[in-house]
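If you want the building blocks of each chain, they are given just below.
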Amino acid sequence: MAKVVIDNVRKVYPNGTEALSPSSLSIEDGEFIVLVGPSGCGKSTLLRMIAGLEDITEGTISIGERVVNALDPAERDIAMVFQNYALYPHMSVYKNMAYGLKNRGMPKADIDAAVQKAAKLLHIEEFLARKPSQLSGGQRQRVAMGRAIVRDPALFLFDEPLSNLDAKLRNQMRIEIRKLQRELGVTSIYVTHDQIEAMTMADRIAVLNTGKIEQIGTPAQIYHTPASIFVASFMGAPPMNILDGHYNGNGGLEIKDLGHVAVDHTLEVTGDIQVGIRPENVEIHQAEEPHTIPIKVDFLEELGAGRLLHTTIGNTPFIAHLDNEHQINGETVFAHLPARALHLFDASTGRRV
Amino acid sequence: MIKSQFKSPLFPYLLLLPQLSIVVIFFYWPAAEAIRSSFYLEDPFGFSSTFVGLDNFRDMVSRSDYVATAEFTIIFSVIVTFFSLAIALLLAVTADRVLRGASTYKTLLMWVYAIAPPVAALIGIMMFDTLVGPIAGFFQALGWNYQLGTNRFDTAFAMIVISIWKQVPVNFIFFLSGLQGIPKSVQEAAAIDCASSTRRFWTITFPLLAPTGFFLLIINITYSLFDTFGIIDVVLKGEPGNNPVTLVYKVFLDGFRGNDLGGSSAQSVILMILVLILTVFQFRLIERRVHYN
């Protein structure tokens, strides 16, 4: 159990590419942090630096009170779950789990107790004698988790552990990992490119893009007050609609191809801005009302729990979420964009204003 | 299975005939001939032969020079196999860690593979030559009166070193590709689980290389028993004198120098049985070989 402090950590590869620009992140004891971002954003590099599998170019990482920069992976008191599980193919499940403990010189009886306990927790007792090749993907995933748990580490590291599982198993394991982590109370860092995993599992999310941390916050903060256009469009499915607009001070906001929208607070910037609205915040009316604009229905996507209305505004695709009760008749409907639901971003920097 | 659609049932056999005839003429017929002549005593000029039953075999095993050769062959094979595997593994593990100039390093190590055994032996005897060889000179400078071709031990030493040197690149290539077949994440998981890199090698890397290792073991035993013929011939310059030889070389000596075709055939039959045992062993191993996903 430990607090993890990442202080201005930077990674530059020998060929000169900067995988991570100086980034800082402080993780509380027992917290579940998800690093999320598209591939190549530096999230795995950061995780591997914490694990000790990559050198740290600049900055310091400390786990507990110890600065671990110079320590070998085995000395950092961490356990890691890999994307392809990385089980030892020549060892039985039992030996896979016992290996790390044996190398630390733990007495045989204690090893056995720890392995049995972890196996029970993960419901893999009946597989202990099997080789990894005789297990299904989900079972291997459990063994990989078991190998991490028996170590009783200060920190869990997860490197996209669910991406090799099918959708149903993924949902199930997602919940199980989270439950397990709560029970054990071990600080955890979880890397994924899947924003749903990030939203559902994290205490706090760090969104990374091109080697930079764009925003750190709780899932609700990230979703409701995204710090940049990137975070706004990356988090959420379907993604946030982004439209071009212009703000000329005094509450006058013009959205391109849509017209005037009244905003109740004054912005600090004037000029070109980008306007974002989540699909579920768009109000759709059958008849024209004040502050609505007519839109053409391209098609409706059935979700079961609702429907998505697809259209284009100007040349920009636009999506609105409809409840099941909401009936759509005809090809044209009227959309209202409530001012309180709008997210406004500086068009040049992409930051929230 | 796809069923063939030939009109005549004999036609497939006709298609097989060229391949079969090559196998029969070049492999089975000489082998059968060797087995046959191992039961006969042939006069040195090849005019007549007498059936002597198992006399050739009895004579062979009771002769002290045959027993001595067999003993030397075992020692020779064990040393050559062990060291060519061990050195190759050491080099492969080192090469696997190299990050810069890796391909140059690997190419340099593989180069020797392209040299034919007799040429390798020629280079070897130049190095080990009593008068001009730099290695012999080095030993002599250390106080070891190294005499290639006259001292039994010194000649065996050169044969062994040259044989190992020739075989290391082959093993190196196999070991290196075996090492590169071990998933990187497994090595990384081990790095988190185990602080000592030596211990990691023996508990993770080495067991995962075992299939490659078993395969190479058989290949290397076969090599040291049979394929070292060219090296031994060049080192001895065709005149063994008092120097040690291997069983295969003795077959050649007794048959073609000693004109004892019956005795030489009997020795070949023993070697054939040895190869047969090795082959069965190898097939068993390949069948049972652990398959990693």
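Further up the page is the structure itself.
Residues numbered from 1 in each chain as written. Chains lettered and ligands numbered in written order. Predicted model: local features only at pLDDT ≥ 70, side-chain atom pairs only at ≥ 80, totals over all residues. Heavy atoms only, no water.

So, the overall build of chain A
Inference 1: Looking only at helices and strands, chain A has eight helices and 21 strands in total.
Inference 2: Projected onto the principal axes, the alpha-carbon positions of chain A cover approximately 75 × 45 × 35 Å.
Inference 3: Here chain A holds 353 residues, and the buried ones make up 53% of them.
Inference 4: Expressed as a percentage of contacts within chain A between residues at least 6 apart in sequence, the contacts between residues at least 24 apart total 65%. (Helix = DSSP H or I, 4+ residues; strand = E, 2+ residues; numbered from the N terminus. Buried < 20%, exposed > 50% of the residue type's maximum accessible area, 1.4 Å probe, protein only. Contact = heavy atoms within 4.5 Å.)

Describing the sheet that holds strand 4 (residues 58-63) of chain A
Residues and elements named next belong to chain A.
Inference 1: Strand order in the open sheet formed by four strands is 2-1-4-5, with antiparallel pairing between adjacent strands. Single-partner strands in this sheet number two, and they are strand 2 (18-27) and strand 5 (66-67).
Inference 2: Where strand 1 (residues 4-12) and strand 4 come together, five bridges link them in antiparallel fashion. When the sheet's bridge partners are listed, D7 is paired in strand 4 with T60. (Pairing = 2+ DSSP bridges.)

Points about the nonpolar core
Inference 1: Among the nonpolar cores identified, the biggest contains 81 residues, and I6, L35, I50 and L157 of chain A are the most heavily contacted of them.
Inference 2: Tallying contributions element by element places helix 7 (residues 152-180) of chain B first for this core, with eleven residues.
Inference 3: Apart from the residues within four sequence positions on either side, L157 of chain A is in contact with L47, I50, A51, I78, A79, M80, V81 and I189 of chain A.
Inference 4: Of all hydrophobic cores here, the second largest spans 45 residues; its members include L87, V93, V207 and F230 of chain A. (Core = buried A, V, L, I, M, F, W, Y, C linked by side-chain atoms within 4.5 Å.)

Quick word on empty space enclosed by the protein
Inference 1: The full count for this structure, using the stated rule, is two cavities of 30 Å³ or more.
Inference 2: Reported here for the largest cavity is a volume of approximately 70 Å³.
Inference 3: Around the largest cavity, the lining residues are A79, M80, F82, A144, R147, A148 and R151 of chain A together with A189, I192 and D193 of chain B.
Inference 4: Elements that contribute at least two residues to the lining of the largest cavity include exactly strand 6 (78-81) and helix 4 (137-150) of chain A together with helix 8 (184-193) of chain B. (1 Å grid on protein atoms, 1.4 Å probe; cavity = no way out; pocket = protein on both sides within 12 Å on 5 of 7 lines; lining within 4 Å. Points joined across faces, edges and corners; volume = space filled by probe spheres on them.)

Some details on the sheet that holds strand 10 (residues 212-217) of chain A
Residues and elements named next belong to chain A.
Inference 1: The sheet built from six strands is open, its strands ordered 6-7-8-3-9-10 with mixed pairing. Sheet topology places strand 6 and strand 10 at the edges, where each strand pairs with a single neighbour. Neighbour-to-neighbour, the strand axes of this sheet turn through a mean angle of 15 degrees, independent of strand direction.
Inference 2: Docked against the sheet, helix 4 engages strand 6 and strand 7 (155-159), running at close to 175 degrees with respect to strand 6.
Inference 3: Docked against the sheet, helix 5 (residues 167-184) engages strand 3 (32-36), strand 7 and strand 8 (187-192), running at close to 140 degrees with respect to strand 3. (Axes fitted to C-alpha atoms, helices over the stretch in contact; angles between N-to-C directions.)

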